[in-house]
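The primary structure of each chain is shown beneath.
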Amino acid sequence: MGSITEVFKNDPLHLDSAIPLDFDTLKSVPESHEWALEPSNHSLDSSKMLPVIDLTHPDAPHLVAHAARTWGIFQIVNHGVPLGLMQSVESEARRLFNLPTQDKMKVLRSPENLAGYGVARIAPFYDKCMWHEGFTIHDSCVGHAKILWPHDYESFCNTMMEFRHKMKPLADQLLHYLLKSLNIPGELVQIWAESTDKVSGTIQLNSYPPCPDPRHVLGLAPHTDTLLLTLLNQCQISGLQYFRDDIGWISVPPVPGAFVVNVGDTLEILSNGKFPSAYHRVTVNENKHRISYAYFHGPSMDSPAEPLDKAEKPLYRSMTVREYCAIKAKHNEEALGLVKL
Ligand SMILES: C=C1C[C@]23C[C@H]1CC[C@H]2[C@@]12CCC[C@@](C)(C(=O)O1)[C@H]2[C@@H]3C(=O)O
Ligand SMILES: O=C(O)CCC(=O)C(=O)O
Ligand SMILES: [Fe+2]
């Protein structure tokens, strides 16, 4: 009810494509994983371009709104989430992905479900495979954690629940800054801020094992995130890249203790295109096993997905968030274009 899980019940992933590669056994890149990559733009110093915003700065609300408008992606520091907790999330994620493949397969995401181990949801849209394995947490993770660590599941679950508990108010605060900068009534801002209360937020743990030839490989194919805001930690290892027509692919430099904030499609729709959703991809490394983890902040599925400023000509048609998520699950990259007026 009211949750993103139901969207995938209607649009299941097929199991044969849901199983990641057994990375433990690979010495070279199989053809199934070789991509014709658009090159990165190394001529620009992206560390001087993408904003890194100190949330304790008195002007933080404006800086956040400005960054979301110009980039759709930015980083935040001094956000109040304890570094120790962030490190625990990373080490629990490593503990999970370091398990033998046959153990991880015991918690494989079933086709109609959101939670569990497997390839990215977007995988079926591409004829090449990604150098990636993921673990998605929605609601409780006790069931899966008990299967993986029958006698020692609590540290994993407690860490993830504590993380989600800390991320939600942070994401709400950012959303509040962004909505307040739009020309909409205060009550509407309030309704939207409260609409995220009904949902628990999804956590995604990502693993990109070392790759014998990273030049022709993608960790995650180019995509935009679907919901309102994604808050992601890159765990000090580069890999995330961002695309804009005028600059091409640039790296998002890892900043210790920071979260990368991405605008998702739903927020692009609410803002009538003022906050463009960030198009991003992930590259991989030859020697390092990169971990990243993200918190996806979304509203209830019953909320309307439509431009909020009624004084403007809407650029997107009105629908519910549920409807938009279903269109995205079915059409991936084409989804936003399909709902444009
Ligand atoms: C709450 C979400 C957000 C999802 C779907 C669902 C659970 C897993 C998320 C991701 C995580 C990996 C990239 C992505 C593109 C994917 O394939 O699965 C994300 C997607 C989205 O933002 O669309
Ligand atoms: O690993 C990363 O840096 C990005 C992951 C990502 O884009 C996602 O989980 O949606
Ligand atoms: Fe993403």
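As the structure is a computational prediction, the values presented were derived from the model and not from experiment.

### Points about the overall build of the protein
Alright, step 1. Scanning the protein for helices and strands turns up ten helices and 14 strands.
Alright, step 2. Its C-alpha radius of gyration of 19 Å places the protein within 12% of the 20 Å reference for a compact globule of 341 residues.
Alright, step 3. With respect to the principal axes defined by its C-alpha atoms, the protein has extents near 60 × 45 × 40 Å.
Alright, step 4. Contacts spanning at least 24 positions in sequence make up 77% of the contacts within the protein whose residues lie at least 6 apart.

### Some thoughts on the site of ligand 1
Alright, step 1. In the vicinity of ligand 1, 13 residues are found, and the nearest of them are Leu114, Arg121, Ile122, Asp225 and Thr226.
Alright, step 2. Here an oxygen atom of ligand 1 and a backbone polar atom of Arg121 are 2.9 Å apart.
Alright, step 3. Protein chains shield 94% of the accessible area of ligand 1, which is 450 Å² for the free molecule.
Alright, step 4. When grouped by side-chain class, the residues that make up the shell around ligand 1 number six nonpolar, five polar and two charged.

### Some words on the confidence of the model for the protein
Any region with low pLDDT has predicted coordinates that should not be read closely.
Alright, step 1. Of the residues in the protein, 93% have a pLDDT of 70 or more, and the chain-wide mean is 92.
Alright, step 2. Confidence metrics for the complex model read pTM 0.94 and ipTM 0.98.

### Here we look at the coordination of the iron ion (ligand 3)
Alright, step 1. Taken together, the protein ligands of the iron ion (ligand 3) are His223 (NE2), Asp225 (OD) and His280 (NE2), with distances of 2.1 to 2.3 Å.
Alright, step 2. Donor residues for the iron ion (ligand 3), ordered by position in the chain, follow H-x1-D-x54-H. Of this pair, Asp225 sits in the loop between β6 (220-223) and β7 (229-233) while His280 is found in strand β11 (residues 279-282), placing the two residues 55 residues apart along the sequence.
Alright, step 3. By relative accessible area, which is 8% here, Asp225 ends up buried.
Alright, step 4. Overall, the relative accessible area of 4% leaves His280 in the buried class.

### A look at the nonpolar core
As a rule of thumb, soluble globular proteins bury nonpolar side chains together.
Alright, step 1. If you look at the biggest cluster of nonpolar residues, it comprises 59 residues, and the most contacted ones within it are Phe156, Leu205, Leu231, Phe259 and Leu267.
Alright, step 2. Non-local contacts of Leu267, meaning those with residues more than four positions away in its chain, are made with Leu175, Leu178, Leu179, Leu227, Leu228, Leu229 and Phe275.

### Description of the side chain of Gln241
Alright, step 1. Of note, Gln241 is situated in strand β8 (residues 240-244).
Alright, step 2. A distance of 3.0 Å separates the side chain of Gln241 from the side chain of Ser40, its partner in a polar contact.
Alright, step 3. Looking at Gln241, its side chain comes within polar contact range of the side chain of Arg281, at 2.7 Å.
Alright, step 4. Here Gln241 is in contact with Ser40, Trp249, Ile250, Ser251, Val252, Tyr279, His280, Arg281 and Thr283, once residues within four sequence places are set aside.

### Section: helix α7 (residues 186-195)
Alright, step 1. If you check which residues of α7 are buried, you get Val189, Trp192, Ala193 and Ser195. Buried residues along α7 cover an arc of 160° about the axis, so they all sit on one side. Residues of α7 that are exposed and point more than 90 degrees away from the buried face comprise Glu187 and Ile191.
Alright, step 2. Elements in contact with the buried residues of α7: α6 (154-180), α8 (265-270) and β13 (304-305).

### Concerning the sheet that holds strand β3 (residues 116-118)
Alright, step 1. Strand order in this open sheet of eight strands is β1-β2-β10-β7-β12-β5-β4-β3, and the pairing throughout is mixed. Strands at the two margins of the open sheet, each flanked by one partner only, are β1 (52-54) and β3. With strand direction ignored, the average angle separating the axes of adjacent strands in the sheet is 25°.
Alright, step 2. Relative to strand β5 (residues 202-208), strand β4 (residues 133-137) runs antiparallel, the two being bridged by five bridges. Each bridged residue has a counterpart across the sheet, and for Phe135 the counterpart in β5 is Leu205.
Alright, step 3. Contacting β3, β4, β5, β7, β10 (259-263) and β12 (290-297), helix α3 (residues 83-97) runs over the sheet at an angle of about 115° to β12.
Alright, step 4. The sheet contacts of α6 involve β2 (73-77), β4, β5, β7, β10 and β12, and relative to β12 the element is tilted by about 55°.

### Examining helix α9 (residues 321-331)
An α-helix turns once per 3.6 residues; consequently, residues spaced three or four apart project the same way.
Alright, step 1. Those residues of α9 that sit buried are Val321, Tyr324, Cys325, Ile327, Lys328 and Ala329.
Alright, step 2. Positive backbone phi, approximately 50°, marks Asn332, located one or two places after α9.

### Comments concerning the pattern of salt bridges
Here the idea is simple: oppositely charged side chains can pair when their charged atoms come close.
Alright, step 1. Tallied over the entire structure, the rule returns 15 salt bridges.
Alright, step 2. A salt bridge links Asp152 to Arg95, with the nearest nitrogen and oxygen atoms 3.1 Å apart. In this pair, Asp152 is assigned in the loop between α5 (142-148) and α6 and Arg95 in helix α3, connecting sequence segments 57 residues apart.
Alright, step 3. Where Lys328 meets Asp265, a salt bridge forms, and the shortest distance between an N and an O atom there is 2.8 Å. Here Lys328 is found in helix α9, whereas its partner Asp265 is found in helix α8, with 63 residues between them in sequence. Across this residue pair, the class does not change: Lys328 and Asp265 are buried.

Cut-offs and rules
Residues numbered from 1 in each chain as written. Chains lettered and ligands numbered in written order. Predicted model: local features only at pLDDT ≥ 70, side-chain atom pairs only at ≥ 80, totals over all residues. Heavy atoms only, no water. Helix = DSSP H or I, 4+ residues; strand = E, 2+ residues; numbered from the N terminus. Rg over C-alpha atoms; globule rule 2.2 N^0.38 Å. Contact = heavy atoms within 4.5 Å. Near = heavy atom within 4 Å. Polar contact = N/O pair within 3.5 Å; in protein donor to acceptor, adjacent residues only side chain to side chain. Areas by Shrake-Rupley, 256 points an atom, 1.4 Å probe, with all protein chains shown as cover. Nonpolar A, V, L, I, M, F, W, Y, C, P; charged D, E, K, R; others polar. pLDDT = per-residue confidence, 0-100. Donors = N, O, S within 2.8 Å, 3.2 Å for Na, K, Ca; no water. Buried < 20%, exposed > 50% of the residue type's maximum accessible area, 1.4 Å probe, protein only. Core = buried A, V, L, I, M, F, W, Y, C linked by side-chain atoms within 4.5 Å. Arc of directions from axis to C-beta. Pairing = 2+ DSSP bridges. Axes fitted to C-alpha atoms, helices over the stretch in contact; angles between N-to-C directions. Salt bridge = Lys/Arg side-chain N within 4 Å of Asp/Glu carboxyl O.

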